[in-house]
Each structure stands twice: as structure tokens, then as C-alpha cells.
Amino acid sequence: MAPCQAARVQVSIAAPAFGSRPESKPRAPVRALPSRIAGQSLEAGIATSNPLRLQKRSKVSVICALAQAQPSVALRNAEKSMQLPIDYYQILGAEPHFSTDAVMRAYEARVSNPPTEGFSVELLKARQQILKVACDTLADRDLRDEYDRGLKEDEAGTLVVEVPWSKIPAALCLLQEAGEAEVVLQVGEALLDENLKKPFKQDVVLVTALAYVELSREAMTENPPAVIRSCDMLNGALRLLQAGGNMLAPSLQEEVYETLEEITPRCVLELLALPLDEEHKSQRSEGLQEVRNILWTAGEGGLMAPVGGYTREQFMKEALSRMTACEQVALFTETPTNIPAEKLEIYSAALAHVAEGFKTKKPRLIQEGGSLFTQLHQSLRDRNDNHLITDEQRDVMLGRALSALLLGEVENCKTFLGLNDVNSPDRCPEVADFVLSGTDGNGDSDLLPGLCKLLESWLAEEVFTNFRETADFHVSLSDYYDDAEVLGYLEKLEKGSFPQEAAAAIARLGEGVTKHSSNRLLPLQIACIAAVFGGLAIASVSYPPFQKVLKSWRVAPLVPALTSAVTLRKGTTEQKEVLRMDARLAEQLIRKWQAAKAKALGVTRAITQLNEILDGQMLKSWTDRAVEVAKHGWYWEYKLLEINIDSVTISEDGRRAMVEATLQETARLYDSNNPQRNDSYKSSYTTRYELHYGDNGWRITDGAVLRT
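Since we're looking at a predicted model, the values are computed, not measured. (Residues numbered from 1 in each chain as written. Predicted model: local features only at pLDDT ≥ 70, side-chain atom pairs only at ≥ 80, totals over all residues. Heavy atoms only, no water.)

(A) Structural context of the overall build of the protein chain. Each helix and strand in the protein chain was counted, giving 29 helices and seven strands. When each of the 708 residues of the protein chain is scored for burial, the buried share is 50%. Considering only contacts in the protein chain between residues 6 or more positions apart, those separated by 24 or more positions represent 69%. Put simply, the protein chain shows about 33,700 Å² of open surface, and 50% of that area lies on carbon and sulfur atoms. (Helix = DSSP H or I, 4+ residues; strand = E, 2+ residues; numbered from the N terminus. Buried < 20%, exposed > 50% of the residue type's maximum accessible area, 1.4 Å probe, protein only. Contact = heavy atoms within 4.5 Å. Areas by Shrake-Rupley, 256 points an atom, 1.4 Å probe, with all protein chains shown as cover.)

(B) Up close: the environment of A209. Assignment of secondary structure puts A209 in helix α11 (residues 198-220). Note: C-alpha distance between A209 and L241 (32 residues apart in sequence) is 6.9 Å. The contacts of A209, once residues within four sequence positions are left out, are A237, L240 and L241.

(C) Examining the packing of aromatic side chains more closely. Within this structure, the stated rule accounts for 15 aromatic pairs. Measuring from centroid to centroid gives 4.8 Å for Y88 and Y147, while their planes differ by 0 degrees, and the two rings are stacked. A residue pair is termed long-range when its members are at least 10 positions apart, and Y88 in helix α5 (residues 88-92) and Y147 in helix α8 (residues 141-153) qualify at 59 residues. Each member of the pair, Y88 as well as Y147, is classed as buried. (Phe/Tyr/Trp six-rings, centres within 6.5 Å; stacked < 30°, edge-to-face > 60°.)

(D) Representation of the nonpolar core. Counting residues in hydrophobic clusters, the biggest one holds 68 residues, and the most contacted among them are L84, L92, I168, L172 and L191. Tallying contributions element by element places α11 first for this core, with 11 residues. Not counting the four nearest positions on each side in its chain, L92 is found in contact with V103, A106, Y107, R110, L131, A134, C135 and L138. Membership of the second largest hydrophobic core comes to 55 residues, among which are Y347, F358, A432 and V435. (Core = buried A, V, L, I, M, F, W, Y, C linked by side-chain atoms within 4.5 Å.)

(E) A look at a negative patch on the surface. Together, E254, E258, E261 and E262 line one region of the surface with negative charge. Tracing the backbone shows E261 in helix α13 (residues 250-272). Taking relative accessible area as the criterion, E261 reaches 45% and is therefore assigned partly exposed. (Patch = residues over 30% accessible without salt bridge, like charges linked within 9 Å, V, L, I, M, F, W, Y side chains within 5 Å. Salt bridge = Lys/Arg side-chain N within 4 Å of Asp/Glu carboxyl O. Lys, Arg positive; Asp, Glu negative; His and termini not counted. Charge placed at Lys NZ, Arg CZ, Asp CG, Glu CD.)

(F) Just the pairing of strand β4 (residues 634-650), in detail. In this structure, β4 lies alongside strand β5 (residues 656-671), joined through 15 bridges in antiparallel fashion. Opposite E642, over in β5, you have Q664 as the bridge partner. Connecting the antiparallel pair β4 and β5 is a turn made up of five residues, with G654 showing a positive phi of about 75 degrees. (Pairing = 2+ DSSP bridges.)

(G) Quick peek at the pattern of salt bridges. For the structure shown, the criterion picks out 22 salt bridges. One salt bridge in this structure joins R591 and E587, with 2.9 Å as the shortest N-O distance. In this pair, R591 and E587 both sit in helix α28 (residues 583-600), four residues apart, roughly one turn of the helix. Here the residues in one salt-bridge network are R110, R127 and E177, joined through shared partners.

(H) Focus on the environment of E628. Turning to its location among the elements, E628 is positioned in helix α29 (residues 616-631). Along the primary structure E628 and L601 are separated by 27 residues, whereas in three dimensions their C-alpha atoms are 9.5 Å apart.

(I) Here's a closer look at the packing of helix α17 (residues 343-360) against helix α22 (residues 448-463). Here α17 crosses α22 at 120 degrees, and the two axes come no closer than 11 Å. With respect to each other, α17 and α22 are oriented oblique. Judged by the twist between their axes, the crossing of α17 over α22 is left-handed. When α17 is examined against α22, the residues Y347, L351, V354, A355 and F358 are found in contact with a partner set consisting of W458, L459, E462 and V463. (Axes fitted to C-alpha atoms, helices over the stretch in contact; angles between N-to-C directions. Parallel < 35°, antiparallel > 145°, perpendicular 65-115°, else oblique. Left-handed = near helix turned anticlockwise from the far one by under 90°.)

(J) Region of the structure containing the sheet that holds strand β7 (residues 697-707). Ordered by their spatial adjacency, four strands build an open sheet running β4-β5-β6-β7, and the pairing between neighbours is antiparallel. Each having just a single partner strand, β4 and β7 make up the two edges of the open sheet. Here the average twist between neighbouring strands, direction ignored, is 30 degrees. Direction of pairing for β5 relative to strand β6 (residues 679-694): antiparallel, over a ladder of 14 bridges. Looking across to β6, one finds that V659 is bridged to Y689. The strands touched by α28 are β4, β5, β6 and β7; relative to β4, the strand with the most contacts, the crossing angle is about 165 degrees. Across the sheet, α29 is in contact with β4, β6 and β7; its angle to β7 comes to roughly 75 degrees.

(K) Main features of unusual backbone geometry. Look at the link from N223 to P224: it is a cis peptide, with omega at 0 degrees. In this structure, P224 sits in the loop between α11 and α12 (227-243). Phi is positive for K361, which is not a glycine, with a value near 60 degrees. Checked against the element boundaries, K361 lands in the loop between α17 and α18 (363-383). Located in the positive-phi region is R605, a residue other than glycine, with phi close to 55 degrees. Of note, R605 is situated in the loop between α28 and α29. By relative accessible area, which is 29% here, R605 ends up partly exposed.

Here is the structure:
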């Protein structure tokens with residue numbers, strides 16, 4: 001919009017609404033139109049009871065007056081008129097220096113090119129009438145001279161014309177064509193609050209939507225483009241058009257929808273990049289919800305169609321870089337299990353769990369992060385045929401090992417880094433050299449000081465630098481291990497299935513500091529760690545060459561099932577470790593079982609689906625049941641509404657698990673032979689599943705309903 005036009009984005013619905021000047025100051029002059037101009041106005045149906053008024057209004061005062069003008073709309077409705085700022089030159093597309101012939105040509109060009117966006121016949125006729133009045137006025141020398149004198153005296157550029165009620169949509173249409181989108185938007189939204197007749201209302205809806213679209217285009221032409229405002233404008237247009245029904249300007253609706261699809265990802269990224277303060281909290285929440293909407297509309301196999309020029313990997317990489325650790329943890333946790341995560345998302349989520357767990361002193365989150373590192377580690381190793389450690393594997397290996405160290409699992413940490421075996425396929429020379437350089441000169445006999453230096457370096461350089469709110473976070477292991485809740489949680493882990501040798505390894509650092517009973521050994525000796533390495537000077541340590549994964553990782557998809565158990569390496573009899581069963585994996589397996597049940601007993605009779613998740617007695621029982629259902633001509637429609645994992649119990653070797661879960665489902669039985677026997681139910685029940693890990697991974701071998 002040109003500067004001269006911007007000054008004219010002003011509207012008067014009723015003259016009294018503009019009483020913003022103090023009464024002590026003279027109001028703008030009101031000029032009566034010559035009789036000949038009044039006659040032309042009558043031909044167009046424009047009321048002449050109120051003459052053309054020349055008013056000096058600032059843009060702010062006019063817009064403020066419009067915002068308070070809704071009562072005046074009702075008033076003008078009753079009086080069958082409304083005041084609007086119409087410039088004859090502007091609506092004709094003419095200039096003051098145009099000759100009479102040029103004005104006529106401008107008029108003919110406008111009349112011959114009416115809008116095609118589904119306006120009513122009444123609007124198109126009224127539009128032509130208003131254009132005819134403007135043309136006749138400017139084509140007549142005397143009338144034009146009088147009109148031009150009025151323009152010269154109109155310093156604020158707010159010529160106000162009294163428009164009959166029936167011709168208001170046409171006047172708004174001409175204003176929109178002339179680039180006065182803000183005027184149209186303000187008046188249109190005010191009108192739509194009134195009780196309007198359908199044809200009149202549809203015209204107002206359409207012209208207001210077009211104004212939204214125009215303002216959206218203007219926002220995108222700014223430098224830099226105002227993407228958020230552009231999206232807001234398009235959403236406003238779509239809201240109006242959809243409220244008007246699918247048949248109202250369907251081509252415009254489709255254009256708006258497609259444009260929104262194109263720019264929404266950019267809008268989401270801008271929302272996420274807003275400051276982390278209370279003022280922008282609601283906007284960032286909208287951005288986070290849109291990330292879920294985009295991510296959760298993935299198709300079969302988790303594939304997401306490119307949107308706004310982004311692939312899923314590209315979009316998520318940009319989105320994650322703008323999110324906090326807490327937001328990433330929530331996103332990963334809430335994402336449905338039928339939408340598999342890419343390796344970049346898993347790695348970032350694992351780092352987020354560690355960052356949030358360390359910052360808030362919640363080891364449970366660190367444990368979950370370690371589980372994600374384990375999943376990723378196993379998948380990457382399975383894909384690596386030459387068994388050489390890649391940069392990706394090294395980064396994941398460090399995350400897995402150092403998460404274990406944060407949980408007091410010293411020996412596991414050493415094993416994961418290959419420090420106990422120089423021939424270990426997991427041993428990385430750079431990492432091993434760094435750990436050894438941080439010891440007290442005792443060689444491999446006591447690697448804990450070097451491991452602690454590695455941990456502090458990793459947290460400071462790789463974990464916290466990846467998140468907006470923790471970029472400057474001060475790493476203090478002593479604060480972490482001094483926390484009573486942390487110590488209590490780690491003690492429970494030690495009493496559970498975590499290795500006892502962790503206490504002995506840590507005890508060497510705490511030797512001579514304190515002696516307590518064995519059942520309190522782990523937490524007390526972890527506290528001793530804080531005293532020993534909490535004061536290590538990170539600045540004096542040369543950092544290991546961590547890969548900045550969020551910047552350099554390739555984004556090729558992972559193998560289909562990250563969470564599947566690891567098979568034996570070809571040509572060997574050495575058995576790899578089994579992926580530890582946890583609540584997340586348990587939920588995935590139970591959801592898979594429920595989906596298989598629905599297909600096996602459903603209309604498709606896909607009984608072989610049961611072999612993918614069941615084994616033993618459970619497989620036999622449900623296969624027999626599915627065959628019986630098919631034999632009678634029945635089929636079921638199951639829908640899983642909710643699932644909560646109540647408990648997970650794991651055997652010592654990690655190959656058997658007992659899972660208790662509460663499920664809510666609906667089911668509908670159809671009897672093809674006797675439809676009157678059709679039945680349905682909605683049920684919530686708690687069940688216990690027995691799971692076993694074998695050659696084909698985890699399978700459910702037995703189950704029993706505990707209560708309903």
C-alpha cells in the first residue's frame with residue numbers, strides 16, 4: 001500500500017462516532033455538494049440527505065472510533081445508510097491529471113472487469129452504479145473542479161460518503177479493489193456482528209475474507225516477511241469462508257487452504273523462536289500444538305508428506321532447535337507409538353531427557369534417556385556392516401554410557417565405552433585416551449576420575465548447549481548428587497536390578513571419608529563422588545571431539561523397528577544384550593497386540609497377524625477363538641480408547657517380563673446370519689501379560705484379566 005493510501009485507512013460509520021476532538025476546537029468543515037453532484041448521487045442511489053463531508057482525522061483516532069462503532073452500525077441499519085471513505089479517483093483507478101477521455105477509459109476498464117469471486121447480482125449492479133457516479137462527477141469539468149477543491153482541503157484524506165444500506169457491500173468491494181483492506185476488514189467484521197440477511201451477509205463475508213487475504217499478502221512482502229501475521233490473516237479468511245458454507249467461493253477457500261499449508265511450517269518455526277517469557281507463552285504454545293498437528297498427521301509407516309518445502313526431517317530439525325528440553329520431552333512422550341520417530345528425533349529426545357533430568361534433579365528422566373540411547377545404539381550397530389565406529393555411533397555410545405554413570409552404574413559405563421576390553425567393538429580411541437588422561441596415574445585400575453571429567457565435559461558441551469534455556473547452564477555434579485531425592489532414587493535402583501559393583505567402584509573414591517552399613521552404601525558413596533569430582537576444573541581439561549549431532553547428522557530413516565530386540569551377529573554365536581523392557585516398550589507391545597486382535601477377529605479375518613505378537617498358549621487360544629468367530633460368520637470391531645501401564649516386572653536375565661496394564665476399549669459384534677444378535681460394549685479392565693524374549697523378539701505368551 002502506498003503512503004498516501006495508508007493515510008486513508010480510515011472509516012466513519014456515523015459522524016458522531018468521530019467526536020474525538022475537544023469541543024473547544026473547531027470541527028472539520030462540512031461542505032454541501034452542488035446540486036448537480038447531488039443529482040448524480042441520486043442516480044447511483046447514494047443518499048443526499050447528508051452532504052459530502054471533509055474531515056481531518058488521524059489514522060489512530062479513526063480506527064479507534066471504528067472499534068467503538070458497532071452500536072452505530074445498528075443505528076445506520078435502521079436509517080438505511082452508512083458513512084464510508086470513498087475516493088472517486090481511487091475506486092476508478094484514475095489520477096487527478098487524467099483527461100475526460102482517460103477517466104472514461106478508466107471507468108470502462110473497471111466496469112468490464114467485475115470481481116468473479118461469487119458476489120451476488122445485486123452487488124455487481126450496485127458496484128457499477130457507484131462507479132458511474134464517480135465517472136460522471138470526474139468527467140464533468142465543473143463537478144470535477146468542485147470535487148478537486150474538496151480534496152485539496154481534505155488534509156487527512158478521509159472523504160466520507162453516505163452510502164445506502166443496500167449498497168454497502170458494493171462500496172466495500174470497491175474499497176477492497178482499491179487497496180483499502182484495513183477499512184474493509186474493520187467495517188466488515190463490525191457488520192457481521194449484526195443480524196444480516198443471507199445474500200447481504202454472504203457478500204460482506206466474501207469481501208471481508210478478500211481483505212484478510214490482501215493483508216496476508218502485504219505481510220509477506222515485508223522485510224523480513226511477517227509470517228505469523230500472514231497466517232493469522234489467512235486463518236481469519238478461512239474462518240469466515242467456512243462459516244459461510246462450502247459453496248461460498250470454493251476456489252478462494254481452496255487457495256487460502258493451500259497457502260496456509262505452504263506457510264504454516266514457517267509460521268510454526270517463528271512462533272517457537274519467540275522469547276521464553278510470559279508475554280509470548282500463549283503464542284509458543286500454539287506453535288508447539290502445530291508441531292504435534294504436523295507430526296501426528298504422518299501416513300502409513302510414519303512418513304510425512306513434504307509441507308511448505310520441508311521434509312519431515314528438515315522440519316523437525318528446525319523445530320527441535322527452537323524448543324526447550326522440557327518441551328522436547330513432552331513432545332516425544334505424547335507422540336503416539338504408531339508414529340515411529342526418526343533417529344534425529346530420538347537422539348534429541350534422549351539429550352532432552354538427560355538435560356531436564358539433571359537440571360530438575362529427576363534421575364527417572366535420565367534413566368528414560370539412557371533407554372533411548374540404548375535403542376539408538378543397537379539400531380546403528382545393526383546397520384554398520386563393517387563394525388567400525390562411526391561418528392554417529394560414538395555420540396550415541398557416549399550418551400548411553402554417561403547416562404549410566406549419572407545413575408551410579410560405573411561398570412556399565414566402562415563396558416559401554418569399551419574401557420574394560422581393548423578389543424571391544426565399542427571402544428573409541430579418542431574417548432579412551434581422554435578418560436585415561438583424566439585419571440590419577442593409576443592406569444586402568446581407577447578410571448572414575450577421568451569418567452567424571454568426561455561426564456562434565458559432555459554435559460557442558462553436548463547436552464546443555466542444544467537447548468535454548470540451558471545454553472548457559474552451570475554444570476555442578478556436586479549439586480546433583482547432594483540432592484536427597486536423587487540419592488533416594490539411585491538407592492532404589494541399586495536395590496532393584498542394577499549391578500551391585502557400582503557401589504564398590506564408587507567406594508574407592510569415598511574410602512576414608514565415611515563408613516556406613518552396606519544397605520546405604522550406594523547413595524552415601526555417590527555423595528562422596530560429589531565431594532571428589534564436584535570441584536574438578538573443567539577449564540583445565542581438553543574436551544573430547546563431540547559431534548554436534550543436531551547440525552551434522554544425516555537424516556536417513558532408521559531401520560523399521562528401533563525397539564525390536566537385537567539378533568545374533570552373522571557368523572558368530574555371541575549373543576547381544578536384550579533391549580531392557582520398560583513401560584514405553586510394554587505399551588508399544590500391548591498396542592500392537594490390540595491392533596492384531598482387531599484385525600484377526602475383524603471383518604478382514606487377518607488371523608496371521610497374531611503370530612507377530614503372540615506366542616505359546618496365548619497364540620493358540622486366540623487363534624482358536626478367531627477361527628471360531630469366522631466359522632459362525634461373526635466379526636468384531638474393536639477400538640482401544642486408553643492404555644495405562646501400571647507395573648513392569650523383569651526377570652534377572654531380562655528375557656521375561658510381567659506387565660500389568662489398565663485398558664479401556666469399545667467393541668461391537670456383528671452377526672452376518674442373525675443381525676438381531678448384534679451387540680456392543682464399552683469396558684475398562686486391568687490385565688496381566690506375560691512376555692518372553694526369543695528369536696523373534698518380544699512376544700506375549702499368556703494373559704489374564706485381573707479386574708473389570
